[in-house]
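Each chain, letter by letter, is given below.
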Amino acid sequence: MRPIQMVDLKTEYQRLKKEIDTAVIEVIESAAFINGKPVQDFSKALAQYLNVKHVIPCANGTDALQIAMMALGLKQGDEVITPSFTYIATTEVVALLSLKPIFVEVDKQTFNINIDSLRKAITPKTKAIVPVHLYGQSCDMEAIMEVANEHNLFVIEDNAQSIGGDYYFKDGTSKKTGTIGTIGTTSFYPAKNLGAYGDGGAIFTNDDALAQQLMMIANHGQSKRYYHDVVGCNSRLDTLQAAILSIRLQHLDENINARIKVADFYDNAFKDHAVIKTPFRDKNNKHVFHQYTLILNSDKAGLRDELSMYLSENKIPNMIYYPVPGHRQKMFESFDAAAFNLPITDWLTERVISLPMHPELDEEQLSFITQTTLNYFNRN
Ligand SMILES: *Cc1c(COP(=O)(O)O)cnc(C)c1O
């Protein structure tokens, strides 16, 4: 059996080696390392894939969120509602910009922002909602947009984990996740579903004026060369990464389908298990399985960490995404974050465990992973 990886970028590279090597050498020979043609080509290709008017490339997914919040003209003390159960980048940029993070609950099944909790968190100071499409599953965007429209709020979709996902509206139409709110953001961190061979990110919007603003902020607030209208930052996707991403984008759908097959295999193996709860798939979206995250539905202390150790001993990588929710991070002490009462978030944080998930997993590896996991429970 091939060694099992949490994410296997080496095997995919071997398959795409010829295409990637050619593209990389072309960039190096052209010496257009910054804002070379591949950057525009990739942005256009991604806009077409997502069916969105504007794609603004930037340096990483955290910058994408920051630039989005800067472009919306949010002011110090404005409240931004986000789930606590997410990667730190989502909430960190809120605090970085002197905005106030308001942590809300997630749904116990979908891991995504809970609509009742969202509604209850709205105050006259609320300016924006940042829903996170966690692990590859879309939030309930129709409900979120309804709340946002009622209260005149911006919606920034953190789509770092769900690029390529589809959200299905009740009227039968569909849109790509990240293209439904005011702005969508993503990350091309190598382990993401559409990853570069280094850092990268992008911002999407259908609003022309906002696109101008986003572009300007990502480029030192520059409106024309050496004329700087607003305080911005320096956030670029480099040409080498764009060239690689153009190739990987062509394989995104086939990679997503391979991920779904892996999820199906896991689902089937763990079906009806007394403790292992497989990821819920909401019918309102196509889950793209950035992560395959189980809930261990038990109150036995230490169970999750013991399973994690057992898997590691058997050379099965596994991860806890994430061991500390936002509202319990030291970073947010000055925001009195621990005062947020989020029992579902805490409950999930103690019980989630993610198994290896990538398109290169074969049946032999998958059988070993599922058998070993089941063995752990049979031993006990
Ligand atoms: C990865 C990730 C980010 C940040 O992306 P970087 O490119 O690492 O800055 C933001 N939000 C979520 C939900 C992520 O998973």
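Residues numbered from 1 in each chain as written. Predicted model: local features only at pLDDT ≥ 70, side-chain atom pairs only at ≥ 80, totals over all residues. Heavy atoms only, no water.

## Quick word on the state of the cysteines
Rule in force here: By definition, disulfides here are pairs of cysteine sulfur atoms that lie within 2.5 Å.
Inspection of every chain in the model, using the stated rule, returns zero disulfides. Between C58, a cysteine without a disulfide, and C233, which holds the nearest cysteine sulfur, the sulfur-to-sulfur distance is 8.2 Å. Not engaged in a disulfide, the cysteine C139 finds its nearest cysteine sulfur in C58; these two sulfurs lie 20 Å apart.

## Observations concerning the site of the ligand
Quick reminder of the rule: Here a residue is near a molecule or strand as soon as one of its heavy atoms is found within 4 Å of it. Polar contact criterion, stated in full: a pair of N or O atoms within 3.5 Å, where within protein one must be able to donate a hydrogen and the other to accept it, and residues adjacent in sequence count only if both atoms are side-chain atoms. Each accessible area value is a Shrake-Rupley result obtained with a 1.4 Å probe; residue values ignore everything except the protein chains displayed when judging cover. Labels follow the DSSP assignment, with helices taken as runs of H or I lasting at least four residues and strands as runs of E lasting at least two, numbered in each case from the N terminus. As a working rule, the residues Ala, Val, Leu, Ile, Met, Phe, Trp, Tyr, Cys and Pro are called nonpolar, Asp, Glu, Lys and Arg charged, and the rest polar, with Gly in that last group.
Of all residues adjacent to the ligand, which total 13 residues, the nearest are G61, T62, D158, S187 and K192. Side-chain polar atom of Q161 to an oxygen atom of the ligand: 2.8 Å apart, as the coordinates give it. Protein chains shield 92% of the accessible area of the ligand, which is 380 Å² for the free molecule. Among the elements of the structure, α3 (61–71) and α4 (88–96) are those that each provide at least two residues to the shell around the ligand. Grouping the amino acids of the shell around the ligand by side-chain chemistry returns four nonpolar, seven polar and two charged.

## Quick notes on the packing of α3 against helix α7 (residues 208–218)
As a reminder, the rule being used: Between N-to-C directions, angles cover 0 to 180 degrees, with each direction set by a line fitted to C-alpha atoms, over the stretch in contact for helices. Any angle that falls under 35 degrees is termed roughly parallel, while one over 145 is termed roughly antiparallel, one within 65 to 115 roughly perpendicular, and all others oblique. Here a crossing is called left-handed whenever its near helix is offset anticlockwise from the far helix by less than a right angle, and right-handed whenever the offset is clockwise. Note on contacts: a residue pair qualifies if any of its non-hydrogen atoms lie within 4.5 Å across the two residues.
The contact between α3 and α7 brings their axes to 9 Å, and the two run at 125°. When the axis of α3 is compared with that of α7, the two are oblique. Crossing of α3 over α7 shows right-handed handedness. Contact with α3, carried on its side by I67, A68, M70 and A71, involves L210, Q213, L214, I217 and A218 of α7 and no other residues of that element.

## Notes on the packing of α3 against α4
Remark: α3 packs on α4, axes separated minimally by 9 Å, with the N-to-C direction vectors making an angle of 40°. The angle between the axes of α3 and α4 places the two elements in the oblique class. Crossing angle aside, the handedness with which α3 passes α4 is right-handed. Contacts between α3 and α4 pair T62, L65, Q66 and M69 from the former with A89, T90, E92, V93, V94 and L96 from the latter.

## Side note on helix α2 (residues 37–50)
What counts is decided by this rule: Each helix should span, by expectation, one fewer than its residue count multiplied by 1.5 Å. Residue exposure (1.4 Å probe, protein chains only): buried if accessible area is under 20% of the type maximum, exposed if over 50%, otherwise partly exposed. To be clear, the arc concerns the directions from the helix axis to the C-beta atoms.
With 14 residues, α2 ought to run about 20 Å at 1.5 Å a step, and its terminal C-alpha atoms sit 20 Å apart, in line with that. For α2, the full list of buried residues reads V39, F42, S43, L46, A47, Y49 and L50. The buried residues of α2 all sit within an arc of 160° when viewed along its axis, so they share a single face. Looking at α2, the residues exposed on the side facing more than 90 degrees away from the buried face are K37, K44 and Q48. Of the surrounding secondary structure, the elements contacted by the buried residues of α2 are β1 (54–58), β7 (174–176), β9 (201–205), α8 (239–250) and α9 (252–269). Among the residues trailing α2, N51 stands out with phi positive, at a value near 55°.

## What about the sheet that holds strand β6 (residues 166–168)?
Worth spelling out the cut-off: For two strands to count as paired, DSSP must find a minimum of two bridges between them.
What the three strands build is an open sheet, ordered β7-β6-β13; its pairing is antiparallel. Every other strand in the sheet has two partners, leaving β7 and β13 (285–286) as the edge strands with one partner each. As judged from the three bridges shared by β6 and β7, these two strands associate in the antiparallel manner. Bridge assignment links D166 to a residue of β7, and that residue is K176.

## So, the domain arrangement of the chain
For the record, the criterion: The domain boundaries here were taken from an automatic or database domain assignment. Buried area is understood as the total, over both parts, of accessible area removed when two parts are fitted together, assessed with a 1.4 Å probe. The term salt bridge refers to a side-chain nitrogen of Lys or Arg lying within 4 Å of a carboxyl oxygen of Asp or Glu.
According to the domain assignment, the chain contains domain 1 (9–250) and domain 2 (252–378). Taken together, the contact pairs 45 residues of domain 1 with 41 residues of domain 2. For the pairing of domain 1 and domain 2, the buried interface totals around 3900 Å² over both sides, and the portion due to carbon and sulfur atoms is 59%. It is F103, Y135 and N193 in domain 1 that bury the most area against domain 2; as a group they hold 18% of the surface buried on that side. For the interface between domain 1 and domain 2, the tally reads one salt bridge. Close ionic contact of R15 with E360 constitutes a salt bridge, the shortest N to O distance being 2.5 Å.

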